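Okay, here's what each chain looks like letter by letter:
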Amino acid sequence: MALVIKQAILIDPRSAYNGSKSDILIENGKITGLGVVNASPGDQVMQQEGLCVSPGWTDCFSNFFDPGLEYKETLESGAAAAAAGGYCRVMVMPNTQPALHAKAQVEYVLQKSRSLPVTILPIGAISKNCEGKDLAEMYDMRQSGAVAFSDGTHPMQNSQIMTKALLYVKAFDGVIIQLPDEEALSKTGLMHEGVMSTKLGLQGKPALAESLLLNRDIELLRYTQSRLHVTGISTAASVALVRAAKQEGLQITCSVTPYHLTFCDEDLAEYDTNLKVNPPLRTRADVEALKAAVLDGTVDCIASHHLPHEFDSKVCEFEYAKYGMEGLESCMAAVRTTLPSLTAKQLVSLFAINPAKIFGLPLPEIAEGEAAMLTLFQFDKANTFEKSAIKSRSVNNAFVGREMIGKPLGIINNSISSILSI
């Protein structure tokens, strides 16, 4: 049975149909017709007002906790959350038990997720057990399918290991992903260090902890001439450092989270544990600097930093709550809402085109004969993000109940359709 999508606005800079309305005929996982398509008896037909179709989106930093911590998230529930958020591919962090630090763990993720509607791509650990002490089996993991390397939520503190990793990935044009946080300065903090942390009586994490480690990593990048992706930047100082490094010609890219673009430290006045994240929410001025960096292209892509937790890890005193937020389903609408001047083309670059370029992933264009790896969404749809929209095992999402603009409708990937509401 063929699938016919009627009168969709195609958003793909590489397509001859970019920006225009077109029907799409999909047969056996391939696009076989564009323009005006007449459905045959028995074909599945999809049509929705304001429907946009783009190349499939990729999230470059999520945690599915499988293997070892499946009570937080499984590969299956994570894939369901990703599909609901419009993602065809998700790069998963290595912070599992055991860590994704050897080929066996990488192959486990790839094999277990093979039949899921979302393509799950493992990020291999830089160090064994993500402990920052000894290099992991990076080459073997790359051969087995690891798409990048990072210690995930445990930023690499050891300069020698970081240097070795940057040099090592040059052999196969790999990418190191780092979340910049100097733990010696920030480890005991609970939120951004500033006026609000003083008012709330919470120990702070200084912005210096982020810029200090980012400065070091840029120096190491300059020394090694390798490739570095910095994720979760949260301060105006970090934006300035990345911008300067790019102007210098270093191979550095960066991503921000939807919640760092939306919330600031003032939003913690009610001690909402859903907003306890790392890096912490910064000042309103930092939020504005991040927004400007997205619009001017300094920020390359959006990373959900999907970090789901079970009930007991979030419904407790702020001091004892775990860091992180569930966020795949709300990611697109959060970005669209906080950046109303963002165009559909810019959004698709942030969610689809740029992640594929950075990490060397294939990205079929919307053209006849190409594989159908597509995201369906409404760019201007006003809606309230409800808890019922969350498909993850966890609901620690601070966007629940908020009025949003933009709505993912589903994906077509791996010859599987996962459509939510057409």
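Above this text you will find the structure in question.
In this text, all values refer to a predicted model and were calculated from it rather than measured experimentally.

A.B. asks: It is not clear to me how the pairing of strand β1 (residues 3–10) should be interpreted in this structure. Could you clarify?
C.D. replies: Walk down a regular strand and you will see the side chains alternate between the two sheet faces. With 6 of its 8 residues buried, β1 lies for the most part within the structure. In the sheet, β1 pairs with strand β4 (residues 44–46) via 3 bridges, with the strands oriented parallel. Bridge pairing in β4 links Ile5 to Met46. Where β1 meets strand β5 (residues 51–55), 2 bridges bridge the pair, whose relative direction is parallel.

A.B. asks: Would you take a moment to explain the pattern of salt bridges for this structure?
C.D. replies: A side chain with one charge may pair with a side chain of the opposite charge, provided their charged atoms come close. For the structure shown, the criterion picks out 14 salt bridges. As a salt-bridge pair, Asp23 and Lys6 come within 2.9 Å of each other at their nearest N and O atoms. Within this pair, whereas Asp23 is found in strand β2 (residues 21–27), its partner Lys6 is found in strand β1, the two being separated by 17 residues in sequence. Linking Arg243 and Asp296 is a salt bridge whose minimum nitrogen-to-oxygen distance equals 2.9 Å. Of this pair, Arg243 sits in helix α8 (residues 236–248) while Asp296 is found in the loop between α10 (284–295) and β15 (301–302), placing the two residues 53 residues apart along the sequence.

A.B. asks: Would you explain helix α1 (residues 75–84) in this entry?
C.D. replies: An α-helical turn contains 3.6 residues, so any two residues separated by three or four positions project in the same direction. With 8 of its 10 residues buried, α1 lies for the most part within the structure. The complete set of buried residues in α1 reads Leu75, Ser77, Gly78, Ala79, Ala81, Ala82, Ala83 and Ala84. Gly86 sits one or two positions beyond α1 and adopts a positive phi of about 90 degrees.

A.B. asks: Help me understand the side chain of Asn278 in this model?
C.D. replies: Structurally, Asn278 is set in the loop between α9 (258–262) and α10. Only 3.4 Å separates the side chain of Asn278 from the side chain of Asp181, close enough to count as a polar contact. A distance of 3.5 Å separates the side chain of Asn278 from the side chain of Lys205, its partner in a polar contact. Among all residues touching Asn278, those that are not within four sequence positions of it are Leu179, Asp181, Lys205 and Tyr323.

A.B. asks: Got a minute to help me understand helix α12 (residues 331–338) in this structure?
C.D. replies: Counted residue by residue, α12 has 7 buried out of 8 residues, so it is predominantly covered. Every buried residue of α12 is accounted for by Cys331, Met332, Ala333, Ala334, Val335, Arg336 and Thr338.

A.B. asks: Would you mind going over the packing of aromatic side chains with me for this structure?
C.D. replies: Both the distance between ring centres and the angle between the ring planes are used here to describe each pair of aromatic rings. Throughout the structure, instances matching the rule amount to 8 aromatic pairs. Measuring from centroid to centroid gives 5.3 Å for Trp57 and Phe377, while their planes differ by 50 degrees, and the two rings are tilted. Placement of Trp57 in strand β6 (residues 57–62) and of Phe377 in strand β16 (residues 374–384) is noted, with a sequence separation of 320 residues between them. Residues Trp57 and Phe377 agree in their burial class; the two are buried. Ring centres of Phe149 and Phe172 lie 6.0 Å apart, and the angle between their planes is 55 degrees; this geometry places the pair in the tilted category.

A.B. asks: Explain the nonpolar core here, please?
C.D. replies: Most often, soluble globular proteins keep nonpolar side chains buried together rather than apart. The biggest cluster of nonpolar side chains holds 88 residues, and the ones touching the most others in it are Met91, Phe149, Ile176, Phe351, Phe359 and Phe377. Ile176 has contacts with Ile126, Met138, Phe149, Met162, Ala165, Leu166, Val169, Arg227, Leu228 and His229, leaving out every residue within four places of it along the chain. Of all hydrophobic cores here, the second largest spans 20 residues; its members include Leu200, Tyr259, Phe263 and Ala334.

A.B. asks: Can you help me understand the side chain of Lys6 in this one?
C.D. replies: There is a polar contact of 2.9 Å between the side chain of Lys6 and the side chain of Asp23. Not counting the four nearest positions on each side in its chain, Lys6 is found in contact with Ser22, Asp23, Val37, Val45, Met46, Gln47 and Leu51.

A.B. asks: Help me understand the environment of Ala82 in this model?
C.D. replies: Positionally, Ala82 belongs in helix α1. A residue is classified by how much of its surface remains accessible, and Ala82, at 0% relative accessible area, is buried. Sequence spacing of Ala82 and Gly29 is 53 residues, and the spatial spacing of their C-alpha atoms is 20 Å. Sequence-distant contacts of Ala82, defined by excluding residues within four places in its chain, comprise Tyr87, Val90, Val118 and Leu328.

A.B. asks: What should I look at first to understand unusual backbone geometry in this one?
C.D. replies: Glycine aside, negative phi is the norm for most residues, and most peptide bonds take the trans geometry. Pro98 follows Gln97 through a cis peptide bond whose omega is 0 degrees. By the element assignment, Pro98 lies in the loop between β7 (87–92) and α2 (103–112). Asn278 connects to Pro279 through a cis peptide bond whose omega is 0 degrees. Along the chain, Pro279 turns up in the loop between α9 and α10. For Gln7, which is not glycine, the phi torsion reads 50 degrees and is therefore positive. Note that Gln7 resides in strand β1. The exposure class of Gln7 is partly exposed, given its relative accessible area of 37%. If you check the backbone angles, Tyr271 has positive phi at about 55 degrees while not being a glycine. With respect to the helices, strands and loops of the structure, Tyr271 is situated in the loop between α9 and α10.

A.B. asks: I tried to follow the state of the cysteines on my own but got confused; where do I start?
C.D. replies: By definition, a disulfide links the sulfur atoms of two cysteine residues through a covalent bond. Within the structure shown, the criterion is met by 0 disulfides. Counting only cysteine sulfurs, Cys60 is the nearest neighbor of Cys130, a cysteine outside any disulfide, at a range of 17 Å.

What counts and what doesn't
- Residues numbered from 1 in each chain as written.
- Predicted model: local features only at pLDDT ≥ 70, side-chain atom pairs only at ≥ 80, totals over all residues.
- Heavy atoms only, no water.
- Buried < 20%, exposed > 50% of the residue type's maximum accessible area, 1.4 Å probe, protein only.
- Helix = DSSP H or I, 4+ residues; strand = E, 2+ residues; numbered from the N terminus.
- Pairing = 2+ DSSP bridges.
- Salt bridge = Lys/Arg side-chain N within 4 Å of Asp/Glu carboxyl O.
- Polar contact = N/O pair within 3.5 Å; in protein donor to acceptor, adjacent residues only side chain to side chain.
- Contact = heavy atoms within 4.5 Å.
- Phe/Tyr/Trp six-rings, centres within 6.5 Å; stacked < 30°, edge-to-face > 60°.
- Core = buried A, V, L, I, M, F, W, Y, C linked by side-chain atoms within 4.5 Å.
- Disulfide = S-S within 2.5 Å.

What is shown is where atoms sit, not what they do.
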